[in-house]
Amino acid sequence: MRIYMTAIILLLILGMAIASDLRWRTIPNWLTGPAILAGLGLHTVMNQWTGLVFSLEGAAVGLGLFAILYACGWMGAGDVKLFAAVGAFLGPAQTISAAIAIALVGGLLALVVLGFHQGWRKTGLWLWSYIQAMVLTRSVRGLTPVQGAAPKVPYAVAIGLGTIGSYWWYPLG
């Protein structure tokens, strides 16, 4: 029963983050900060010291994985803090499997956003060129998908769907 409560709370947090990211292209601190504290608090109440350590490890894994992407300029700070909150709920092992699912969903989401931004034909031709370059030359230099400013990807959608996918892939309990 307690596991279902944490899952419901996490789904509510992810739903609010997705709505905010789609509408305003930002994930607010008033959501991510309390979400991290909620994950830490719930696991501490359920399993005392062991739960706190479990939740802290998950938050650290989530923060560490996405902070690398933020440092490269590929992701916003709100996405990093949201995934730290997800990690606080999931713990370290499931946070890693969620990151894999999020990366897969995020790649597909980026292609969809690119298709809407540049057109499906142009995106398909670029993707085909990219695949050919990787196979034939083992290099992807000079292949830029977007001329000018790159479209923004609402990554909270990928974080939400990937997290839900990780529950299916690696269920808690």
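Given the structure is predicted, the values throughout are model-derived calculations rather than measurements. (Residues numbered from 1 in each chain as written. Predicted model: local features only at pLDDT ≥ 70, side-chain atom pairs only at ≥ 80, totals over all residues. Heavy atoms only, no water.)

Enquirer: What am I meant to see in the overall build of the protein here?
Expert: The number of helices and strands found in the protein is 6 helices and 0 strands. Ordered by position from the N terminus, the helices and strands of the protein form the series α-α-α-α-α-α. With the principal axes as the frame, the protein shows a C-alpha extent of 55 × 35 × 25 Å. Within the protein, the proportion of its 173 residues that are buried is 39%. Of the roughly 10,200 Å² of accessible surface on the protein, a fraction of 72% belongs to carbon and sulfur atoms. (Helix = DSSP H or I, 4+ residues; strand = E, 2+ residues; numbered from the N terminus. Buried < 20%, exposed > 50% of the residue type's maximum accessible area, 1.4 Å probe, protein only. Areas by Shrake-Rupley, 256 points an atom, 1.4 Å probe, with all protein chains shown as cover.)

Enquirer: Is there a simple way to think about helix 3 (residues 77–90) in this case?
Expert: Two residues of an α-helix separated by three or four positions point the same way, owing to the 3.6 residues in each turn. Look at helix 3: 20 Å from first C-alpha to last across 14 residues, which is about the 20 Å you get at 1.5 Å a residue. Where helix 3 is concerned, the buried positions are Gly78, Asp79, Val80, Leu82, Phe83, Ala84, Ala85, Val86, Gly87, Ala88, Phe89 and Leu90. Remark: Gly91 follows helix 3 within two positions and exhibits a positive phi of approximately 85°. (Expected span 1.5 Å × (residues − 1).)

Enquirer: Could you clarify how one ought to interpret unusual backbone geometry in this entry?
Expert: The general pattern is negative phi for most residues beyond glycine and trans for most peptide bonds. With a phi close to 60°, Arg25 is a non-glycine residue in the positive phi region. Within the secondary structure, Arg25 is located in the loop between helix 1 (2–24) and helix 2 (29–71). On the basis of relative accessible area, Arg25 is assigned to the partly exposed category, the value being 46%. Of note, Gln48 is a non-glycine position whose phi angle comes to about 50°, a positive value. On the secondary structure map, Gln48 appears in helix 2.

Enquirer: It is not clear to me how the side chain of Ser20 should be interpreted in this structure. Could you clarify?
Expert: Mapping Ser20 onto the fold places it in helix 1. Relative accessible area serves as the criterion here: at 7%, Ser20 is assigned to the buried category. Excluding anything up to four places from it in sequence, Ser20 contacts Arg25, Thr26, Ile27 and Pro28. (Contact = heavy atoms within 4.5 Å.)

Enquirer: Teacher, can you tell me more about the nonpolar core here?
Expert: Residues Phe66, Leu82, Phe83, Ile102 and Ile159 are the most contacted members of the largest nonpolar core, which totals 28 residues. Of all the secondary structure elements, the ones that give two or more residues to this core are helix 1, helix 2, helix 3, helix 4 (92–118) and helix 6 (155–169). Ranked by residue count, the leading element in this core is helix 3, at 7 residues. (Core = buried A, V, L, I, M, F, W, Y, C linked by side-chain atoms within 4.5 Å.)

Enquirer: What is the right way to read a nonpolar patch on the surface from this model?
Expert: Judged by side-chain polarity, Leu65, Ile96, Ile100, Leu104, Trp168 and Trp169 come together as a nonpolar surface patch covering roughly 710 Å² of accessible area. At the level of secondary structure, the elements contributing two or more residues to the nonpolar patch comprise helix 4 and helix 6. Among the elements that take part in the nonpolar patch, helix 4 stands out by supplying 3 residues, more than any other. Here Leu65 lies in helix 2. The partly exposed category is assigned to Leu65, whose relative accessible area is 36%. (Patch = residues over 30% accessible without salt bridge, like charges linked within 9 Å, V, L, I, M, F, W, Y side chains within 5 Å. Salt bridge = Lys/Arg side-chain N within 4 Å of Asp/Glu carboxyl O.)

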